[in-house]
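Structural characterization, general
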There are 4 protein chains.
Amino acid sequence: MTGKPAPACHSGPDHLCMPEDARKRAARRLSIARGHLDAIVRMLDNPDAYCVDVLRQIKAVQGALSGAGEVVLRGHLEAHVATASTRGDSVEIVEELMEALKYT
Amino acid sequence: MTGKPAPACHSGPDHLCMPEDARKRAARRLSIARGHLDAIVRMLDNPDAYCVDVLRQIKAVQGALSGAGEVVLRGHLEAHVATASTRGDSVEIVEELMEALKYT
Amino acid sequence: MTGKPAPACHSGPDHLCMPEDARKRAARRLSIARGHLDAIVRMLDNPDAYCVDVLRQIKAVQGALSGAGEVVLRGHLEAHVATASTRGDSVEIVEELMEALKYT
Amino acid sequence: MTGKPAPACHSGPDHLCMPEDARKRAARRLSIARGHLDAIVRMLDNPDAYCVDVLRQIKAVQGALSGAGEVVLRGHLEAHVATASTRGDSVEIVEELMEALKYT
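Note that the coordinates shown come from a computational prediction; the quantities given were computed from them, not determined experimentally. One numbering rule holds for all chains: residues counted from 1, following each sequence as written. Each chain takes a letter, starting from A, and each ligand takes a number, starting from 1, following the order in which they are written. It should be noted that, the model being predicted, local features are given only for residues of pLDDT at least 70 and side-chain atom pairs only at 80 or more, the latter also being counted only at that level, while totals for whole chains, interfaces and linings use all residues. For side-chain calculations, the full set of non-hydrogen atoms in the structure is used, while hydrogens and water are omitted.

What to know about the overall build of chain A
Worth spelling out the cut-off: Numbering of helices and strands runs from the N terminus, with a helix taken as a DSSP run of H or I at least four residues long and a strand as a DSSP run of E at least two residues long. Two residues qualify as a contact provided that any one of their heavy atoms is within 4.5 Å of a heavy atom in the partner residue. Computed with the Shrake-Rupley method and a 1.4 Å probe, the accessible areas treat only the protein chains shown as cover for residues.
Helices and strands together make up the secondary structure of chain A, namely four helices and zero strands. Walking chain A from its N terminus toward its C terminus, one meets helices and strands in the order α-α-α-α. Pairs at least 24 apart in sequence give 57% of the contacts found in chain A among residues at least 6 apart. Total accessible area computed for chain A in this model is approximately 4,700 Å², and 53% of it derives from carbon and sulfur atoms.

Thoughts on the relation of the copies chain A and chain D
Which entries qualify depends on this criterion: Superposition of the copies was done by least squares, using only C-alpha atoms of residues whose pLDDT is at least 70 in both.
Overlaying chain A on chain D yields an RMSD of 0.0 Å, the required transformation being a rotation through 180° with an accompanying axial translation of 0.0 Å. In the structure described here, the two chain copies are related by an operation that fits a two-fold rotation axis. The C-alpha atom lying nearest the rotation axis in chain A is that of A82 of chain A; the distance is 2.2 Å.

Notes on the packing of helix α1 (residues 20-43) of chain C against helix α1 (residues 20-43) of chain D
Just so we agree on the cut-off: Comment: axis = line fitted to C-alpha atoms, over the contacting stretch for helices; angle = value between 0 and 180 degrees taken between N-to-C directions. Relative orientations are named as follows: roughly parallel for angles under 35 degrees, roughly antiparallel for angles over 145 degrees, roughly perpendicular for angles from 65 to 115 degrees, and oblique for any other angle. It is the rotation of the near helix from the far one that decides the hand of a crossing: anticlockwise by less than a right angle makes it left-handed, clockwise makes it right-handed. Polar here means any residue outside two lists: the nonpolar Ala, Val, Leu, Ile, Met, Phe, Trp, Tyr, Cys and Pro, and the charged Asp, Glu, Lys and Arg; Gly therefore counts as polar.
Contact geometry for α1 of chain C and α1 of chain D: axes closest at 9 Å, N-to-C directions at 160°. Taken together, the axes of α1 of chain C and α1 of chain D are roughly antiparallel relative to one another. The hand of the α1 of chain C/α1 of chain D crossing is left-handed. The segment α1 of chain C lies against α1 of chain D, with L30, S31, A33, R34, L37, D38, I40 and V41 of chain C engaging A27, L30, S31, A33, R34, L37, D38, I40 and V41 of chain D. Among the residues making up the contact of α1 of chain C with α1 of chain D, the classes are represented as 11 nonpolar, two polar and four charged.

Topic: the interface of chain D and chain C
Filter applied, for reference: Buried area: the accessible area, evaluated with a 1.4 Å probe, that two parts lose upon being put together, summed over both parts. Just to be clear on terms, a salt bridge is a Lys or Arg side-chain nitrogen sitting within 4 Å of an Asp or Glu carboxyl oxygen. N or O atoms closer than or at 3.5 Å make up a polar contact, with two conditions inside protein: a donor-capable atom paired with an acceptor-capable one, and, for residues adjacent in sequence, both atoms drawn from side chains.
Each side of the interface is counted separately: chain D has 50 residues, and chain C has 50 residues. For the pair chain D and chain C, the summed buried surface comes to about 4,300 Å²; carbon and sulfur atoms form 69% of the total. For the pair chain D and chain C, the number of links is two salt bridges. Between R34 of chain D and D38 of chain C there is a salt bridge; the shortest N-O distance is 2.4 Å. Linking chain D to chain C there are 11 residue pairs in polar contact (both at pLDDT 80 or more). Listing elements by their share of the side of chain D that touches chain C, those giving two or more residues are α1, α2 (51-81) and α4 (90-102) of chain D. Looking at which element gives the most residues to the side of chain D that touches chain C, the answer is α2 of chain D, with 17 residues. Partitioned by chemical class, the residues of the side of chain D that touches chain C number 31 nonpolar, 11 polar and eight charged.

Here we look at the relation of the copies chain D and chain C
Superposing chain D onto chain C takes a rotation of 180° plus a shift of 0.0 Å along the axis, which leaves an RMSD of 0.0 Å. A shared binding surface is used by both copies, with 100% of the interface residues of chain D retained as interface residues in chain C.

Some remarks on the nonpolar core
Applied cut-off: For the purposes of this section, nonpolar cores are sets of buried Ala, Val, Leu, Ile, Met, Phe, Trp, Tyr and Cys residues that join through side-chain atoms within 4.5 Å. The rule is simple: take the accessible area with a 1.4 Å probe, protein chains only, and divide by the maximum for that residue type; under 20% is buried, over 50% is exposed, in between is partly exposed.
Ranked by size, the top nonpolar core spans 130 residues in total, and within it L77 of chain A, L77 of chain B, L77 of chain C together with L77 of chain D carry the most contacts. L77 of chain C has contacts with L77, V81, V94, L97 and M98 of chain B together with A82 and L97 of chain C, leaving out every residue within four places of it along the chain.

Some words on the side chain of S90 of chain D
In this fold, S90 of chain D is placed in helix α4. Relative accessible area serves as the criterion here: at 10%, S90 of chain D is assigned to the buried category. Side-chain polar atoms of S90 of chain D contact the backbone nitrogen of S85 of chain D, separated by 3.4 Å. When near neighbours in sequence (up to four residues on either side) are disregarded, S90 of chain D contacts A82 of chain A together with A84 and S85 of chain D.

A word on the side chain of H76 of chain D
Structurally, the position occupied by H76 of chain D is in helix α2. With sequence-adjacent residues up to four places away left out, H76 of chain D is seen in contact with Y50, C51 and V52 of chain C together with V81, I93, E96 and L97 of chain D.

Quick look at α1 of chain C
Counted only if it meets this: Helix span, expected: 1.5 Å multiplied by one less than the number of residues in the helix.
Between the first and last C-alpha of α1 of chain C there are 35 Å, a value that for 24 residues agrees with the 34 Å anticipated at 1.5 Å per step. Restricting attention to buried positions, one finds in α1 of chain C the residues A22, R23, A26, A27, L30, A33, L37, I40 and V41 of chain C. As for α1 of chain C, its buried residues are in contact with α2 (51-81) of chain C together with α1 and α2 of chain D.

A closer look at the pattern of salt bridges
Counted by the stated rule, this structure contains 29 salt bridges over all chains. E95 of chain D is the salt-bridge partner of R74 of chain A, the closest N and O atoms lying 2.7 Å from each other. Of the two residues, R74 of chain A sits in helix α2 (residues 51-81) while E95 of chain D sits in helix α4, which places them in two different chains. When the shortest N-O distance is used, the salt bridge between R56 of chain C and D53 of chain C registers 3.1 Å. Residue R56 of chain C and its partner D53 of chain C are both found in helix α2; the two are separated by three residues, about one turn of the helix.

Here it is as structure tokens:
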């Protein structure tokens, strides 16, 4: 790589890998979302649970997942997409990202 | 209630509550999503994890949560919204649902 | 219909139709969105247009369409879904709505 | 620039600008969406319009706008983000894009 170095990115044996900071922050956020999801599953054990409360909780977890997704996406853009031209794999990296963003 | 009976809906002491079938199906789907989320958190322990793989997994869990949300929403529409006019609380029930749907 | 009357809803010859207020408000919002969309198309005639500005404008129009969609949805919930049990077509009306909400 | 050249991107006097191909394709798609939106506005002139039909049409236009947004995003990733490291503005370009993607 001749350009600017990617931010702290452990170089895998045969592939790019996540900047450590993004990896740890995403893990932290997903753990919290996991706890929240746990609480919703328990909430549904109670026959008194009300639909709209459950809907709201599900939306909250979806928001948390989006937040974690943003952390991962930002790390990817900085570490791998912004450096694609210097590596020479712009077409592949953009194609792959567009594909991954599609399934919202 | 004079119309069609709402599908099996346990009547809470002072509020509407979820049709049992929707409650059980949503719980089952959310448990699966929780397992999936667990797997992503573990995946992030590995310094070799790749951003786009993580993004794809997060999207998959979001899809599962949307699926669970649909089960809950359908149950709510059938059991509580479709019967609102007979109960006389249409305005409140619609307002509440619109509010809950907003935070996507 | 024996329950509460639906809010000002012209009764079509063989189908339910939109409450007039929702129809007019949705039309107004969609006209504004159309003007905005027009402006983006013109903006794209300029070779100096910048991708991120265009993305932001597209998002703004999407927001306006969501707003119009909310007006229509609220009118539908109040006029047609909340009264479904009295009409006796809850199953069909909920099915139809779930189907329409799916394609986001 | 030492890496792969960005796809046909007219260089604005003081800023990056859209690859011509993306600009033309996005314009074409947005014109079609504009015609579709026009049809919905006219549809709402008819007191017989049905809520769920209108909802479906709005969703269709939203889908068309998403498609146009994807064209713009892909062009931006290829022409501007993938080359950011060689230009030396990775941080700014990623920040700007994350901000623009946020308002979904």
